[in-house]
Each structure stands twice: as structure tokens, then as C-alpha cells.
Amino acid sequence: MYSKRTLLTILTQHSIRASRRWSHDEVRVRFAPSPTGYLHLGGLRTALYNYLYSRNKNGKFLLRIEDTDQTRLVPGATESLIENLMWAGIKIDEGPGFGGEQGPYVQSERKQIYLEAVRELLENDTAYRCFCTERRLELLRKEAIRTRQVPRYDNKCRYLTPQQIAVLLAKNTPYCIRFKLTAHEEPLQDLIYGPVTHNVSENEGDPVIMKSDNFPTYHFANVVDDHLMGVTHVFRGVEWQISTTKHLLLYKAFGWQPPLYGHLPLLVNSDGTKLSKRQGDIGIKSFRDKGYFSEALVNYVVSAGGGFEHTPGQKPQIYSMNELAHRFNIERVNSHPSRLNPDLLNDFNRLHILKLLQSKENSKDLVERVKVLVREAYPKEKNLDLGNPHIENVLKWACSRLTFIEDLTEANLSFLWVRPVEFKLKNVTNDQMESLIANLENIEFTKDNLNLKLKEFADNNNVKFAVFMKTLRSALSGLKEGPGVAEMMDILGKDCVLQRLRSTIHAQSKEAAANVVKK
Ligand code: GLU
């Protein structure tokens, strides 16, 4: 419940009649989710296109929570939506908890505003009270189904006389408010689809705009709020396109200038099939949990829908949010279904690792992140190789091969981090090892080059190649199996390889010394 003072402030701030005339000079867009679930790819796509548009035009991005359908609320959904939007790199200019002069930004806190708005439509005779009982409506529905018609309200209460209404009100008969649909004079000029004609009054009965419990329906609250919040452009999923024609009639009834609308086509799987909201794996959280960077996910989502200049055959490139905003052009958004290409998502993740490595500051952060992951993966291990140059070297190798930095801690790559415990050189003498180290110091560490040199070395020293390789593998990794030795050396990098090889001499010398003492 509102205190009298709050109510007064709300009403004066938002008085429908005295509501501010927006100039539409400044772009104001909004993302208006219903907190009935968690953010998924479709929702992120809508939020992103609005956000990119606002940034491209130096405008504002608003977040409005549309929670009028109280029966479908999911506890914690709003907090989680906000958290995921922020993770994606979207900065909210106005919204619940973000300030802004046109709040509250949660619809359930705006009930008085809708009551006042509905009163205006009753007064100008574009809305009416409907006293039909649920039972009557149910009978209408059943009859329509029986006669194979699309169920629709027959607008009966539109024609009640003032006397009939007075009698019903005197008897406290419950009622809802319906909006009088009229014929459309002009098509909707969709910014993405072009002109769209849908004569809603020919297809539907008058829609309920306020339920008997004084809660507005989606259509009504959405229009009132877009107007009062000064929204200039609405980008939303194409499933709302039919509703837009209804919304335009509501604007007309109020005498308000409507925003411009652009509907975003369906987001579909790569084979054209529909993404199902029930598939847990389209939730943003599941992408985060898998280890995708937000930048990769953002580029993935926008690459499906277009909106950017694209040269055919151009290799995928990863753009920052600022770069995307700068390049964004609403006229380039496609009106055919947006196909997601999951391979591209992995490419983007790798490209992002590469991009991070190109900046000193970012690569430092990445290196620290890897340290945390490795420590978590080997909590008991004391012998970890976590020097910064080593990690950077590994990352450079990884970014063209692995999708996630988490992959670096997989068991088959343990040699990257876990230094072999003191190792006894067998089949190779200390002197040979020293000479090998001297040789390796001066060569370029590529797989082919290493293979060649190791072969040469084994031949020159009369050591069997296979035995030599086995010894080196154990010396470098403590493992009996794993990638080829030259490859392993290439991944580990020169410094790390030489250090590990040197320590085998050290181990052998200690052993030799111990034997001397024993004798
Ligand atoms: N609350 C609606 C939704 O959940 C918003 C639609 C719109 O953007 O107008 O999608």
C-alpha cells in the first residue's frame, strides 16, 4: 500500500493528463522483461539490440519489470535478469535500483498510474466496463469451438446504457475494463519488416485492459509506461507484432504520439528449428557456467540477427560492446529468422582469449584467472608451475586449440602445471643431458624443428630414439603417456622445458652424491 504522500508524489509526477510531451529528440529505449523466468538467448538478443541502438544514438537504455501477471512470477528472477544483463556488459541508465526520473520501473508499483489512465479512457468513451461473468465468457468460447470459429468476445457490454451500468454498479457487480477496438487507418511502419497491416478489430473482440482486481493487462500497462517513460523506439520479438497494432489504437485513444517499432525476427537453431525456452541450455547462466566469455556470447547473438556491415567471406572477428554499438545499423537487421551458429560461439571464445592476450592489462587478468583455475583443479599439489611467462606461453598455444580456459586444467594437460617429482635419469647420462640442454637453448621451439633435433641428438649419442623419447617424456611430465614429446615441448615453451630438464641433472647428481656417501 502507498502512503498518502507517496501517492500524491506519484500522481503529480505521472499525472496522465499533465504527462510530459516527449520531444523524441533523445533516443530512449527499454528492455521490458516479465520476471517469469531467467534470461535466455532470445531475451538477451532483445536487450542487446535495444542497448546497441541506444549507444549508437547517444540515448538511454531503460529496464522495466513487467510483473502484472502475478500468478507467473518466479522468485529471484528480477535479480537474476539484472545480474545477467550486467554480466553481458549492458549498462542500465534507468531502472529498478538504477535511478531515473520516470520510476517506479516495476509495474506492480505503478497501479495507481494505470487506474488514472484507465479513467481517462472511460471518460473519453474509448473504454467500457464489462460485467460479463466468467461463466458467460466460457460459454462463448465453447460455442465458438463448436461452430469452428476463433473464440472472441462479442463486445456485448459495449452497448450497455448508462442506466444499466448504474444498476450493475449499485449492485456491486464485479467488472473489468475493456478497450474499444476500432479499424486501423494506417499500417504499422515496422522499422525492420516495413509496412504491416493487421486489422485487429476484425480478428479479436475488445481486449481487457484492466482486470477486476485492478491489475492492468500487459497491453495496457506496456503502452502507458512506454509513453510516460518517454520511450521513443521499441525493439522486441516478432511475436509481439500483432499486439503492436492494438497498442497503436491505444495510443490513438489517449491522443499520444506512439514510439517507433521494430520487431526482431525469430531466433532459431542452425537447422531452422525453434529454440525451446524449456531447453535449459539456452539460459544465459548455462553459457556462463560452461566458461564462455560474455563478449563471445554477445558477438554470437548479434551475429545471428545482423545489424552490421558484413563483407562476404570475411573471417569472424570479435568486437567490443563499444565497437558493436558504433557499427550498429538498425536497417541492416534481417527480417528473416536469425539462425544461431554454435561453431561461431566457440570461435568467438577463442578469438576473445587471443584478443585479451594482445593487451598487457587484460592478459595479466587472464593469467591470474588461470592461476585460480589451476589451484582449484590441483588443491593438494605443491609442485605447480605457475610462473607468469609460462602461463602466457600456454595461453598463446591454447587460444588456437582450446575453446575454454577451463580446458587447460583437464587431466591430459596436467603436465602443463604439475612439475614432475624428482626424476631419476635412465638411459641418458648427465653429460648427455647437459649437451642436449645446450643444443636446445639455441634452437627455435617449433614442433618440426624439435622433432628433427631430437632425432639428430639420439643418433649422434647412440641412444635408441624410442627410449630417448620415453625418458624425455617422463623427465618433462612424469607421465608415461600424453602428447608427442616435441609437441609437449612446444606447449611448455623453452624456459619451462630447460628448467625441467636441468632439474633432472640436479636430481641425478643428488642421487650420485648419496651413493658416494653410502660407499
Ligand atoms: N513483458 C514483455 C515480455 O516479457 C515485453 C514485451 C515488450 O517488449 O513490449 O516479453
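As shown above, the structure is provided for reference.
Residues numbered from 1 in each chain as written. Predicted model: local features only at pLDDT ≥ 70, side-chain atom pairs only at ≥ 80, totals over all residues. Heavy atoms only, no water.

A short note on the overall build of the protein chain
In terms of helices and strands, the protein chain carries 20 helices and eleven strands. Projecting the C-alpha coordinates of the protein chain onto the three principal axes gives extents of approximately 120 × 50 × 50 Å. Per-residue burial over the protein chain gives 49% buried out of 519 residues. For the protein chain, the proportion of contacts with a sequence separation of at least 24, taken over those separated by at least 6, is 78%. Approximately 27100 Å² of the protein chain is accessible, and the part contributed by carbon and sulfur atoms is 51%. Seen as two clouds, the 71 positive and the 61 negative side-chain charges of the protein chain have centres 4 Å apart. (Helix = DSSP H or I, 4+ residues; strand = E, 2+ residues; numbered from the N terminus. Buried < 20%, exposed > 50% of the residue type's maximum accessible area, 1.4 Å probe, protein only. Contact = heavy atoms within 4.5 Å. Areas by Shrake-Rupley, 256 points an atom, 1.4 Å probe, with all protein chains shown as cover. Lys, Arg positive; Asp, Glu negative; His and termini not counted. Charge placed at Lys NZ, Arg CZ, Asp CG, Glu CD.)

Examining the pairing of strand β8 (residues 233-237)
Two faces belong to every sheet, and in a regular strand the side chains alternate between them. By the criterion of burial, β8 is predominantly enclosed, with five of the five residues buried. Bridging between β8 and strand β9 (residues 260-264) involves five bridges; their strand directions are parallel. Among the inter-strand pairings, phenylalanine 235 is bridged to a residue of β9, identified as glycine 262. (Pairing = 2+ DSSP bridges.)

A word on the site of the ligand
Taken together, Arg30, Ala32, Ser34, Glu66, Tyr218, Asn222, Arg236 and Trp240 make up all the residues around the ligand. Note that a nitrogen atom of the ligand is positioned 2.6 Å from one of the side-chain N or O atoms of glutamate 66. In the environment of the ligand, an oxygen atom lies 2.7 Å from a nitrogen or oxygen atom belonging to the side chain of arginine 236. Protein burial of the ligand: of its 300 Å² of free accessible surface, 83% is covered by the chains. Looking at the shell around the ligand residue by residue, the classes come out as three nonpolar, two polar and three charged. (Near = heavy atom within 4 Å. Polar contact = N/O pair within 3.5 Å; in protein donor to acceptor, adjacent residues only side chain to side chain. Nonpolar A, V, L, I, M, F, W, Y, C, P; charged D, E, K, R; others polar.)

So, helix α15 (residues 388-398)
His390, Ile391, Val394, Leu395, Trp397 and Ala398 are the residues of α15 that are buried. Projection of α15 onto a plane perpendicular to its axis shows the buried side chains occupying an angular sector of 160°, all on one side. In α15, those exposed residues whose orientation departs by more than 90 degrees from the buried face are Pro389 and Lys396. (Arc of directions from axis to C-beta.)

Thoughts on the packing of aromatic side chains
For the structure on display, the rule yields twelve aromatic pairs. Consider the rings of phenylalanine 254 and tryptophan 256, whose centres lie 3.8 Å apart with planes at 5°: the pair is stacked. Taking the relative accessible area as the measure of exposure, phenylalanine 254 reaches 8% and is therefore buried. Within the aromatic cluster, the residues linked to one another by ring pairs are Phe220, Tyr251, Phe254 and Trp256. (Phe/Tyr/Trp six-rings, centres within 6.5 Å; stacked < 30°, edge-to-face > 60°.)

Side note on the environment of proline 379
Among the structural elements, proline 379 can be located in the loop between α14 (360-377) and α15. Separated by 262 residues in the primary sequence, proline 379 and alanine 117 place their C-alpha atoms 61 Å from one another.

Some remarks on the environment of tyrosine 51
Among the secondary structure elements, tyrosine 51 is positioned in helix α2 (residues 41-56). Considered as a pair, tyrosine 51 and phenylalanine 31 are 20 residues apart in the sequence and their alpha carbons are 8.4 Å apart. When residues no more than four places from it in sequence are discounted, the contact partners of tyrosine 51 are Phe61, Gly89, Ile90, Lys91 and Met321. A distance of 3.3 Å separates the side chain of tyrosine 51 from the backbone nitrogen of lysine 91, its partner in a polar contact.

Just distances and angles here, no functional claims.
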